[in-house]
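Structural description and commentary
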Amino acid sequence: MLSWKIIRHMWSFLNVPKDPCIVLVTGAAGQIGYALVPMIARGAMLGLDQPVILHMLDIEPAAEALNGVKMELIDAAFPLLKGVVATTDVAEACKDVNIAVMVGGFPRKEGMERKDVMSKNVSIYKAQASALEKHAAPDCKVLVVANPANTNALILKEFAPSIPEKNITCLTRLDHNRALGQISERLDVHVSDVKNVIIWGNHSSTQYPDVNHATVTTSSGEKSVREIVTDDNWLNSEFISTVQQRGAAIIKARKQSSALSAASSACDHIRNWVLGTPKGTWVSMGVYSDGSYGIQEGLIYSFPVTCEKGEWSIVQGLKIDEFSRAKMDATAKELAEEKSLAYSCLN
């Protein structure tokens, strides 16, 4: 009896409740935000043992809708949700945040030039970066979802210099998951049996979905995707364009953007970053280039990464063939042009 009491006493120390993690979602009244906040409140992003406090930011015209989202979060009675702040004040929204998911941005509208969209987003991300710089927790992790995601993340990095560059990322996990989905559909296998696809480069139609290092778990062990698909023509053409154009295809079918899959992928991105990737598995993240694979430093570029103890590392030593090299360089060129355009808007 005494030993059982000792065990229960020791167990009580092991089960110390975690402090809540403060998560910011910008553009929270929009479609992606509306899909994302309940996922975070349920534990899909940080785990079923991690309490959260949600900070939701949106623009003044969306204030009433934002308050409606807050009301729904309260009504859902999520056990992990320890508080909700719904605000149009960027300083209040950024206060003490540990994780910032930047969904808000200015969408391209009909008749707008690329420079017009870039100019709007540069000013938004400059202001939000300055607020994160002043008010967020020093180790704040940032995920940029709003397009142009890679370049928005670069602007944010520029105006939040005290946030470590390794803590500013952009979302290409949606493209990564789309690639996994296409392979699983083609082979009629479960998506969890496919791993290690790569999205290189920009979250745009120049991205390069690469299966050269991807594998499928079969009854006779792991096999390469190329070996099992046995159709290089499909893998080098239709597969790539389907993943590149998937967002446009969903808008055409749904008449709205892919909010559900974007929100789910944002959860996947942060969960793996914070809690780690499974051994032998990598994921795609838009991260600050250190020159790996010949990609110029100073771009936010999607690489294959593994994560451990809250840190990501670019997977090194993968063999790059001529076809891949050309695709990787083309998307890097687009990112360099976007960077120049963004900096011209700053000036």
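Residues numbered from 1 in each chain as written. Predicted model: local features only at pLDDT ≥ 70, side-chain atom pairs only at ≥ 80, totals over all residues. Heavy atoms only, no water.

1. Section: the environment of Thr87
Assignment of secondary structure puts Thr87 in strand 3 (residues 81-87). With sequence-adjacent residues up to four places away left out, Thr87 is seen in contact with Met56, Leu57, Asp58, Leu66, Glu92 and Ala93. Among the polar contacts made by the side chain of Thr87, one reaches the main-chain amide nitrogen of Asp89 at a distance of 2.9 Å. (Helix = DSSP H or I, 4+ residues; strand = E, 2+ residues; numbered from the N terminus. Contact = heavy atoms within 4.5 Å. Polar contact = N/O pair within 3.5 Å; in protein donor to acceptor, adjacent residues only side chain to side chain.)

2. Quick word on helix 3 (residues 63-76)
In this model, helix 3 (14 residues) spans 20 Å end to end at C-alpha, consistent with the 20 Å of a helix rising 1.5 Å per residue. For helix 3, the full list of buried residues reads Leu66, Val69 and Leu73. Buried residues of helix 3, seen end-on, are gathered within an arc of 55° and therefore sit on one face of the element. In helix 3, the exposed positions angled more than 90 degrees off the buried face are occupied by Glu64, Ile74 and Asp75. In this fold, the buried residues of helix 3 make contact with helix 2 (31-42), strand 2 (52-57) and strand 3. (Expected span 1.5 Å × (residues − 1). Buried < 20%, exposed > 50% of the residue type's maximum accessible area, 1.4 Å probe, protein only. Arc of directions from axis to C-beta.)

3. What about the nonpolar core?
Side chains of a nonpolar character, in soluble globular proteins, are inclined to be buried together. Residues Val23, Leu36 and Leu73 are the most contacted members of the largest nonpolar core, which totals 73 residues. A per-element tally of this core places helix 12 (residues 259-275) first, with seven residues. In contact with Val23, other than residues within four places in its own chain, are Ile40, Met45, Leu46, Val52, Ile53, Leu54, His55, Ile99 and Val101. Core analysis: the second largest hydrophobic core is formed by 33 residues, Val97, Met118, Ala146 and Ile163 among them. (Core = buried A, V, L, I, M, F, W, Y, C linked by side-chain atoms within 4.5 Å.)

4. Thoughts on the sheet that holds strand 7 (residues 194-195)
As a general point, the strands of a sheet are linked pairwise by backbone hydrogen bonds and lie either parallel or antiparallel. Ordered in space as 7-10-11, the three strands form an open sheet in which the pairing is antiparallel. A strand with exactly one partner marks an edge of an open sheet, and here the two such strands are strand 7 and strand 11 (221-224). As judged from the four bridges shared by strand 10 (residues 215-218) and strand 11, these two strands associate in the antiparallel manner. Paired with Val216 across the two strands is Lys223, which belongs to strand 11. (Pairing = 2+ DSSP bridges.)

5. Here's the deal with the side chain of Asn150
Along the chain, Asn150 falls in helix 6 (residues 149-159). When near neighbours in sequence (up to four residues on either side) are disregarded, Asn150 contacts Cys170, Gly201, Asn202, His203, Ile300, Tyr301, Ser302 and Leu335.

6. Overview of the UniProt feature "binding site: substrate" (unreviewed entry) in the protein
With numbering matched to this structure, UniProt assigns "binding site: substrate" (unreviewed entry) to Arg108, Arg114, Asn147 and Arg178. With the annotated positions falling across 71 residues, the maximum pairwise C-alpha distance of 25.6 Å shows that they are not confined to a single cluster. With near-sequence residues (within four places) excluded, Arg114 lies in contact with Arg108, Glu338 and Leu341. For Arg178, the position within the fold is in helix 7 (residues 173-187). (UniProt positions renumbered as here; feature names shortened; annotations may be inferred.)

7. Some thoughts on the packing of helix 5 (residues 114-135) against helix 13 (residues 322-346)
At their nearest, the axes of helix 5 and helix 13 sit 9 Å apart, and the two run at 65° to each other. Taken together, the axis directions place helix 5 and helix 13 in an arrangement best described as roughly perpendicular. Taken as a pair, helix 5 and helix 13 cross one another with a handedness that is right-handed. On helix 13, the residues that touch Arg114, Lys115, Met118, Ser119, Val122 and Lys126 of helix 5 are Glu338, Leu341, Ala342, Ser344, Cys345 and Leu346. Of the residues belonging to the contact of helix 5 with helix 13, the class tally is six nonpolar, two polar and four charged. (Axes fitted to C-alpha atoms, helices over the stretch in contact; angles between N-to-C directions. Parallel < 35°, antiparallel > 145°, perpendicular 65-115°, else oblique. Left-handed = near helix turned anticlockwise from the far one by under 90°. Nonpolar A, V, L, I, M, F, W, Y, C, P; charged D, E, K, R; others polar.)

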